[in-house]
Amino acid sequence: MEFDVGARLKQIREQHGLSQRALAQRAGVTNGTISLIEQNRSSPSVSSLRKVLQGIPMTLAEFFSSDDLPPPEQIFFKGTELIELAGELKGTVGQVSFRQVGDLRSRNLQILHERYAPGADTGRTMLQHESEEGGIVIKGQIELTVGDRKELLGPGDAYFFDSRIPHRFRNIGEIECELISACTPPYL
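Summary of the structure given here. (Residues numbered from 1 in each chain as written. Predicted model: local features only at pLDDT ≥ 70, side-chain atom pairs only at ≥ 80, totals over all residues. Heavy atoms only, no water.)

### Some words on the nonpolar core
Then comes step 1: Grouped together as the largest cluster of nonpolar side chains are 16 residues, with contacts concentrated most on Tyr116, Ile142, Leu144, Tyr159 and Phe169.
Then comes step 2: Sorting the residues of this core by element identifies β2 (96-100), β3 (110-116), β5 (142-146), β7 (158-162) and β9 (177-184) as the ones contributing at least two each.
Then comes step 3: If one sorts the elements of this core by residue count, β5 sits on top with three residues.
Then comes step 4: With residues up to four places along the chain from it excluded, the contact list for Tyr159 reads Glu114, Glu133, Gly134, Gly135, Ile136, Leu144, Leu153, Phe169, Leu179 and Ser181.
Then comes step 5: One finds Ile12, Leu23, Ala24 and Ile34 within the second-largest nonpolar core, a separate group that totals 14 residues. (Core = buried A, V, L, I, M, F, W, Y, C linked by side-chain atoms within 4.5 Å. Buried < 20%, exposed > 50% of the residue type's maximum accessible area, 1.4 Å probe, protein only. Helix = DSSP H or I, 4+ residues; strand = E, 2+ residues; numbered from the N terminus. Contact = heavy atoms within 4.5 Å.)

In structure tokens, the structure reads:
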């Protein structure tokens, strides 16, 4: 099986979060050189490839070895792949489910699929953290208190606030409330 230098360079560049232009600048080559290599329209010499890899930085041995590469970053997630966080929370009243999209080790944004059973509450002690958060109610109703302001939100309603302000979520309705939220930087 033939080794695809272009596809491998593109994979590594993207895993390191680099554009073609950024890698070219780091390596001291033109971005056209990177583009031609990735499209397999140019077969680089060992010294040219080594120069490009120094912009990552990576050795030729690492480049040609697939064993030590981290798996590609996941982009799409099935519902069964969301990570349940509610089991780790303390002080909640009623059944609350916080299902997180992906692993946050290299992320600055947390996206949650939240469900609050009737009577569920994030607790009497208001939440407060160094973030911003927002969300949209999909189903049911949620009472959201932010500072001294309180609002009952229903399907299609949304919120967005500075999470340093004390806040609390309560489902005072008779059916489950479901919402999608985002928080940056991640809190839970």
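### Looking at the sheet that holds β7
Then comes step 1: One open sheet accounts for six strands, arranged β1-β2-β3-β9-β4-β7; its pairing is antiparallel. Edge strands, defined here as strands with exactly one partner in the open sheet, are β1 (83-84) and β7. (Pairing = 2+ DSSP bridges.)

### So, the environment of Val146
Then comes step 1: Mapping Val146 onto the fold places it in strand β5.
Then comes step 2: Leave out the neighbours within four places in its chain, and Val146 touches Phe161, Ile165, Pro166 and His167.

### Looking at the pattern of salt bridges
Then comes step 1: For the coordinates displayed, the defined rule picks out eight salt bridges.
Then comes step 2: One salt bridge in this structure joins Arg13 and Glu38, with 2.5 Å as the shortest N-O distance. Of this pair, Arg13 sits in helix α1 (residues 5-15) while Glu38 sits in helix α3 (residues 31-38), placing them 25 residues apart in sequence. Neither residue differs from the other here; Arg13 and Glu38 are each classed as buried.
Then comes step 3: A salt bridge links Asp121 to Arg168, with the nearest nitrogen and oxygen atoms 2.4 Å apart. Within this pair, whereas Asp121 is found in the loop between β3 and β4 (132-139), its partner Arg168 is found in strand β8 (residues 167-170), the two being separated by 47 residues in sequence. Exposure class is identical for Asp121 and Arg168. Each is buried.
Then comes step 4: One network of salt bridges, in which partners are shared, links Arg115, Lys139, Glu176 and Glu178. (Salt bridge = Lys/Arg side-chain N within 4 Å of Asp/Glu carboxyl O.)

### A word on the sheet that holds β5
Then comes step 1: With antiparallel pairing, the three strands of this open sheet are ordered in space as β6-β5-β8. Among the strands making up the open sheet, the edge pair consists of β6 (149-153) and β8. On average, each strand axis in the sheet is tilted by 15° relative to the strand beside it, whichever way the strands run.
Then comes step 2: Across four bridges, β5 lies against β8 in antiparallel orientation. Looking at β8, one finds that Leu144 is bridged to Phe169. (Axes fitted to C-alpha atoms, helices over the stretch in contact; angles between N-to-C directions.)

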